[in-house]
Amino acid sequence: MADESWRVPSLVQELAATVQEPPSRYLIPEQDRRDGQLAGAEMPEPVPTIDLQRLLASDDDYADEEATKLRSALQSWGFFLVTEHGIESSLMDSLVAASREFFRKPLQEKQAYSNLIEGKHWQLEGYGNEQVYTQDQILDWCDRLHLRVEPEDERNMDRWPGHPESFRGLLHEYSQSCKRVKDGILRATARLLELDDDDGIIGQFGDRGSINARFNYYPACPRPDLVLGVSPHNDACVLTLLLADEHVGGLQFHRDGTWYCVPPVHGRPLLVNVGGSLEIMSNGAFKSPVHRVVTNSQKERVSLAMFYATDLEKQVQPIAELVDEKHPARYKKIKYRDLMAAHYEYFSRRGRVIESLKV
Ligand SMILES: O=C(O)CCC(=O)C(=O)O
Ligand SMILES: [Fe+2]
């Protein structure tokens, strides 16, 4: 039988502890690292910042002012910070601390939550790496813990770390708190598109809209000039709420041919970005930004992305109210289940599925 061991690379945390140089499978193409390209540029303006309390205020003046900022952020960068989101920073701190504690556990303990069935068949959920499709796929300098949080009855509790003991409760509580933030932003976004308030974008999720939590763990890398923590991609979901590392930067967004660095921010704002599903639903009014993560040689980095997406069986397509003779659909429709599958396959060869859906 053919040797398929390339499908199961080592965990990056183990590599980081043992190698002087990243193995060749992690090295990005020469042309992508020439001239210090990985360093990225400073943003030409501060990261757009939306005050959620003002955005949702009953006082129209405040809300209008914030909505104008939201429109501008959505149309320019496709991402923004949300402050005054109402989530206790102590809850965020505790969850981040619990996830760090998990990643620091001995390998054997973490392997109990592996994303490999019988040590070889990859699945999305659990602790491990990205799916490896081909032998020449360039691998990311990152381990992750991916958990389905909603629908609640589809939680695979055997993949949720039991240690530290607080982990499960904290993730549950955090996901409940994030929902209000996500709903508030989507309502305001629907208003910008002049969609019906009640149905708007939220109505597009279907009965079994999903939340997936992804804890990313980037060990320090001996050669950050040669690898990426996460390869360029845009998220496939509707909206992502990212809790980024407070102290260690690395996230970069692509705009007009330049990579821009997002500096680490204190005070626990959430970084929100438009997912590919929302780009399709808005018929291209809002673009899903391409982003990547670079590593550094000094410090590990941890982030938590919450991906809000539709029911897997739901067709993702331009919202009917936004399409007419003058504004034809600019994207083909696709079932979310198929979009997800294509997303990961395209990602593995550094492509973007959304490009293939443009009419
Ligand atoms: O770690 C980050 O800051 C971003 C991670 C990311 O883009 C993702 O998980 O989709
Ligand atoms: Fe992402």
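Look above for the structure.
The present account deals with the structure reproduced in this document. Fair warning: this is a prediction, and the values are worked out from it, not measured in the lab.

1. Examining the site of ligand 1
Then step 1. Near ligand 1 lie 13 residues; those nearest to it are Asn-216, Tyr-218, His-291, Arg-301 and Ser-303.
Then step 2. For ligand 1, an oxygen atom lies 3.3 Å from a polar atom in the side chain of Asp-235.
Then step 3. Separating an oxygen atom of ligand 1 from a side-chain N or O atom of His-291 is a distance of 3.0 Å.
Then step 4. Here ligand 1 loses 96% of its free accessible area of 300 Å² to cover by the protein chains.

2. Some words on helix α7 (residues 167-192)
Then step 1. If you check α7, its first and last C-alpha atoms are 37 Å apart, about what 26 residues at 1.5 Å a residue would give, namely 38 Å.
Then step 2. Taken from the residues just after α7, Glu-194 is the one with a positive phi, measuring 60°.

3. Quick look at unusual backbone geometry
Then step 1. Residues Glu-150 and Pro-151 are joined by a peptide bond in cis, for which omega reads 0°.
Then step 2. Relative to the helices and strands, Pro-151 resides in the loop between β7 (143-150) and α7.
Then step 3. His-163 connects to Pro-164 through a cis peptide bond whose omega is -5°.
Then step 4. Even without a glycine there, the phi angle at Asn-283 is positive, about 55°.
Then step 5. Assessed through its relative accessible area of 7%, Asn-283 is described here as buried.

4. Remarks on the sheet that holds β7
Then step 1. Spatially, eight strands are ordered β2-β3-β13-β10-β15-β8-β7-β6 in an open sheet, and the strand pairing comes out mixed. The open sheet has two free edges, formed respectively by β2 (49-51) and β6 (126-128), since each of these has just one partner strand. Strand-to-strand twist across the sheet, computed as the mean angle between neighbouring axes with direction ignored, equals 25°.
Then step 2. Of the pairings in the sheet, the one linking strand β8 (residues 210-218) to strand β15 (residues 301-309) comprises nine bridges and is antiparallel in character. Across the sheet, the residue bridging to Arg-214 is Ala-305, located in β15.
Then step 3. Of the strands in this sheet, β6, β7, β8, β10 (239-243), β13 (270-274) and β15 are in contact with helix α5 (residues 89-104), which crosses β8 at around 60°.

The rules we used
- Each chain carries its own residue numbering, running from 1 in the direction its sequence is written.
- Following the order in which they are written, the chains are lettered starting with A and the ligands numbered starting with 1.
- Selection of residues for local features in this predicted model requires a pLDDT of at least 70, selection of side-chain atom pairs for listing and counting requires 80 or more, and totals for whole chains, interfaces and linings are taken over all residues.
- Side-chain measures were taken over the full set of non-hydrogen atoms in the model, leaving aside hydrogen atoms and water.
- Near is defined per residue: the residue qualifies when any heavy atom it owns lies within 4 Å of the molecule or strand.
- Each polar contact in these results corresponds to two N or O atoms within 3.5 Å; when the atoms are within protein, one needs to be able to donate a hydrogen and the other to accept it, and residues that are neighboring in sequence are counted only if both atoms are side-chain atoms.
- What sets the accessible areas is the Shrake-Rupley method with a 1.4 Å probe; for residues, cover comes only from the shown protein chains.
- The helix and strand labels rest on DSSP assignments: H or I over at least four residues marks a helix, E over at least two residues marks a strand, and numbering proceeds from the N terminus.
- A helix's residues, less one, multiplied by 1.5 Å, set its expected span.
- The rule is simple: take the accessible area with a 1.4 Å probe, protein chains only, and divide by the maximum for that residue type; under 20% is buried, over 50% is exposed, in between is partly exposed.
- Pairs of strands are assigned from DSSP output, requiring at least two bridges between the strands.
- Angles shown run from 0 to 180 degrees and are taken between the N-to-C directions of axes, each axis being a line fitted to C-alpha atoms and, for helices, limited to the stretch in contact.
- Contacts are assigned to residue pairs with any non-hydrogen atoms lying within 4.5 Å of each other.

So yeah, pure geometry; function would need other evidence.
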